[in-house]
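Each chain is listed here by its residues.
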Amino acid sequence: MPRSFTIKVPCSSANIGPGFDVVGLALSIWLELRVKVDDSLSGVPHNCEISYEGEGAKDLPREADSNLITRTALYVLKCHDIRSFPATTLVHIVNPIPLGRGLGSSGAAVVAGVMLANAIGQLGLSKERMMDYCLMIERHPDNVTAAMMGGFVGSYLRELDPVDMERKEIPLSEVLPEPAGGVDTGLRPPEPPNGIGHHIKFGWAKEVKAIAIIPDFELSTANSRSVLPKMYSAKDMIFNLQRLAVLTTALTRSPPDADLIYQAMQDKVHQPYRKTLIPGLTEILLSVTPKSHPGLLGICLSGAGPTILALATHNFETIASEILARFSKEGVECMWKVLEPAYNGAEHIEE
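Summarised in this report is the structure supplied together with it.

Quick notes on the rules
Residues numbered from 1 in each chain as written. Predicted model: local features only at pLDDT ≥ 70, side-chain atom pairs only at ≥ 80, totals over all residues. Heavy atoms only, no water. Helix = DSSP H or I, 4+ residues; strand = E, 2+ residues; numbered from the N terminus. Contact = heavy atoms within 4.5 Å. Polar contact = N/O pair within 3.5 Å; in protein donor to acceptor, adjacent residues only side chain to side chain. Pairing = 2+ DSSP bridges. Axes fitted to C-alpha atoms, helices over the stretch in contact; angles between N-to-C directions. Left-handed = near helix turned anticlockwise from the far one by under 90°.

1. With respect to the environment of Asn 118
No. 1: Relative to the assigned elements, Asn 118 resides in helix α2 (residues 105–120).
No. 2: Leaving out residues up to four positions away in the same chain, Asn 118 has contacts with Leu 123, Gly 124, Leu 125 and Met 130.
No. 3: Here Gly 124 takes part through its backbone nitrogen, which lies 3.2 Å from a polar atom of the side chain of Asn 118.
No. 4: Within the structure, the side chain of Asn 118 is placed 2.8 Å from the backbone nitrogen of Leu 125, a separation counted as a polar contact.

Structure (structure tokens):
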């Protein structure tokens, strides 16, 4: 019988200032997969046909063994001895998440792929187990945990025993092999250990919204990480740890304390080093304060950037306009959106 379902995965913002590689926030821009399964169709490679609209529509591959979403799904299916999509599957991807902007587009794609495999293969995996598959591909837990679980989350990777660690650290090229090998490529891929990552959901004050100021240029995570030092001083690490300890509770309090949150969102671990990659970053992060722009709570780089995230309770347009003007002086055009936390994370909706 033909079957239809939808998978929705939110974008996410990692770090939120001091929480480098530790915290993530799911936000209300949604990657959607509109999926139809029809046994009467045949002749499609891997039994999967892809169509696409939205961000990246001109450039992203349509082949099931090349597109990140369906490559991820094939990896999970093969871990369960299913060589391809079990029936002809039509996957229409609707992606409004800007690519390479620090809003978790690749993390959302990986989560969507794991959920697609779980649904199409009727695997019955819990979200916790699906996270293990996500972490075999996207090896930093902050974005994928927020996208899968929803809300404002803290996460860490568990210290594994030597056997499980060896499985987890298998090169990504063996988890998601290149498609040149044909349909049998990666037929027996490495299955993830159980419980690679752990997380906790923090609260979130209902008044707090996120203004995303999204520049019109891309910045890869790899490039953004390349400018970071290999070692940090104890002073800088303590600076961040102190603020993170305050921030995760301060953002739960209603009404929010703007002065407390603004200071708690300061960072010395990643943002100072990324200023060379984002024109005017230092000045932009200092351009709005709770005193100069009432309603503002805090401002930070979203993930690896270049998107700027400003948390606020009101006065959204005025805050955004100031940041847009600062970027404009650097010759950078931007768009902006007011977003809300996506509390439920990724969803599978049967039709």
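2. Section: the sheet that holds strand β7 (residues 209–215)
No. 1: Strand order in the open sheet formed by four strands is β8-β9-β7-β10, and the pairing between neighbours is antiparallel. In the strand order of this sheet, the two ends are held by β8 (296–301) and β10 (334–339), each with one partner. Each neighbouring strand pair of the sheet contributes to a mean axis angle of 20°, computed without reference to strand direction.
No. 2: For β8 and strand β9 (residues 308–312), the ladder comprises five bridges, and the chain directions are antiparallel. Bridging across to β9, Gly 298 finds its partner in Leu 311.
No. 3: Against the sheet, helix α11 (residues 316–329) contacts β7, β8, β9 and β10, and its axis sits at roughly 25° relative to β7.

3. Digging into the packing of helix α3 (residues 127–137) against helix α4 (residues 141–149)
No. 1: Where α3 meets α4, the axes come as close as 10 Å, and the angle between the chain directions of the two elements is 150°. Read as a crossing pair, α3 and α4 show a hand that is right-handed. In contact with Lys 127, Glu 128, Met 130, Met 131, Cys 134 and Leu 135 of α3, α4 contributes Pro 141, Val 144, Thr 145, Met 148 and Met 149.

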